[in-house]
Amino acid sequence: MRLNNVVQRQTGGQAGATVGHHKAGGVRLGKPPPVCRRDSARVLSARGASQAAALRTGRGWWFCLRCRAPPSRSCARRNRIAAATATRRPAPCRGRAAERRRAPRRALPKKKTHPARRRAAMADGGRPAPAATFVSLVTRVVELEETATAAAPLREALQSLLSRFPLCFGYWKRLAELELEYESEPAAVAVYERAVVPLAFSVDMWSLYVGHAVRHWPAQPDRVRALFERAAPLIGSDYLADSFWDQYLAYEEAAAAADPSADASRVGALYVRVLALPLRAADAYWLRFQRFAAGCGSSAEVLDREREAQVRAELAADGAPDTGAEGEDDGARKMRVLALMDARFHRHRAAHAQQARPLLPRGFC
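Residues numbered from 1 in each chain as written. Predicted model: local features only at pLDDT ≥ 70, side-chain atom pairs only at ≥ 80, totals over all residues. Heavy atoms only, no water.

Undergrad: Run through the environment of Val196, naming residues and quoting values.
TA: Relative to the elements of secondary structure, Val196 occurs in the loop between helix H10 (185-195) and helix H11 (203-216). Judged by relative accessible area, which is 6%, Val196 ranks as buried. Note: C-alpha distance between Val196 and Phe169 (27 residues apart in sequence) is 9.2 Å. Residue contacts for Val196: discarding those within four places in its chain leaves Met205, Trp206, Tyr209 and Arg230. (Helix = DSSP H or I, 4+ residues; strand = E, 2+ residues; numbered from the N terminus. Buried < 20%, exposed > 50% of the residue type's maximum accessible area, 1.4 Å probe, protein only. Contact = heavy atoms within 4.5 Å.)

Here it is, written out as structure tokens:
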């Protein structure tokens, strides 16, 4: 009523009489029409009923003077309150105003994929390989493993699968076992050599390869060690590389146990390398190293003089105090070596934790 009286006073009492007996779309037309921000002053300063009636079409709908669209109920209510109180600016109409066009959305960055996966996915006419293709290829391999009597169909199915999906290390192993069974051991090695090209940083693939080498190259220890050393720079510092280092340590321990004249210095040197890496099983390796040192007959097997000097220089660079003198017997030297390795191990653990802290989520302990 108060708003209607305001409009009637400013329009000479004719606006309310003109529009007071109509309803349209559930909105009472007897109340002042909802207006846009620019048109609120125009309606409030109307001089006659003709200007107020210009907002109404022939069917009785109230339209916005600016965008010519029926406003919403919430917009109408806010404008009525603002027009009645005249203390704040009315909210704009929610119509199809040209100046309220939405800004174009920014294109999302493309997900990065492995180059080998991308090349394999785009091999079929430039189109990505769908999931149905993978399922059909795997189904074909399973059927041939159960029914095939010759190696050629199964070899062809495995090669077709791996040409499209080269990161499936389990199927590389199946193909290598197939070549080992029907062809020869060099053919299986050739399969593993093909596999480590797209899977150069896969702990699982290298573990399968070195496992094959340990089983089938017993008379070639230098060749086995060369393969271990080839894989170590690629996957040795992986957080989950404990399976690879377990195989390497087991091989060296077995080699030392098989030859009574040989010492265990290779095992000790390998423990020195492993204890400096950020591995998941670092604490377990430290306990294993302590048991190994307790069972060694000489302190040189735990840590030789050259590596002891390197560890001492490394700790001195970090500001650690010296642990003892050089001229002592073998038992005292073993205790000094264990103290040096303990200080080095905990310093590396603290440094790895400090480096990984920015990568952890907030609140992670």
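Undergrad: Mind laying out the packing of aromatic side chains, listing which residues take part and the relevant values?
TA: Aromatic rings in a pair are described by how distant their centres are and how their planes are angled relative to each other. The final tally for this structure, using the stated rule, is 14 aromatic pairs. Ring centres of Phe228 and Phe244 lie 5.7 Å apart, and the angle between their planes is 50 degrees; on these two criteria the pair is classed as tilted. Linking Phe228 in helix H12 (residues 221-235) with Phe244 in helix H13 (residues 242-258), this pair joins segments that are 16 residues apart in sequence. Using a relative accessible area of 0% as the deciding quantity, one classes Phe228 as buried. Between Trp245 and Tyr248, the ring centres sit 6.1 Å apart and the planes meet at 15 degrees, which makes this aromatic pair stacked. (Phe/Tyr/Trp six-rings, centres within 6.5 Å; stacked < 30°, edge-to-face > 60°.)

Undergrad: Provide a residue-level description of the side chain of Arg344, including the pertinent values.
TA: Relative to the elements of secondary structure, Arg344 occurs in helix H18 (residues 330-356). With a relative accessible area of 8%, Arg344 lands in the buried category. Not counting chain neighbours up to four residues away, the residues in contact with Arg344 comprise Val272, Ala276, Val311, Glu314 and Leu315.

Undergrad: Please give an account of the packing of helix H9 (residues 169-182) against H11 that cites residues and values.
TA: At their nearest, the axes of H9 and H11 sit 9 Å apart, and the two run at 25 degrees to each other. Relative to H11, H9 is oriented roughly parallel. Crossing of H9 against H11: the hand is right-handed. Every residue of H11 that contacts H9 at Phe169, Trp172, Lys173 and Leu180 is listed here: Asp204, Met205, Leu208, His212 and His216. Looking at the contact of H9 with H11, its residues break down into 5 nonpolar, 2 polar and 2 charged. (Axes fitted to C-alpha atoms, helices over the stretch in contact; angles between N-to-C directions. Parallel < 35°, antiparallel > 145°, perpendicular 65-115°, else oblique. Left-handed = near helix turned anticlockwise from the far one by under 90°. Nonpolar A, V, L, I, M, F, W, Y, C, P; charged D, E, K, R; others polar.)

Undergrad: Please set out the environment of Leu208 residue by residue, giving values where relevant.
TA: Looking at the secondary structure, you find Leu208 in helix H11. The sequence separation of Leu208 and Phe244 amounts to 36 residues, and the corresponding C-alpha distance is 9.2 Å. When neighbours within four sequence positions are excluded, Leu208 is seen to be in contact with Phe169, Lys173 and Tyr192.

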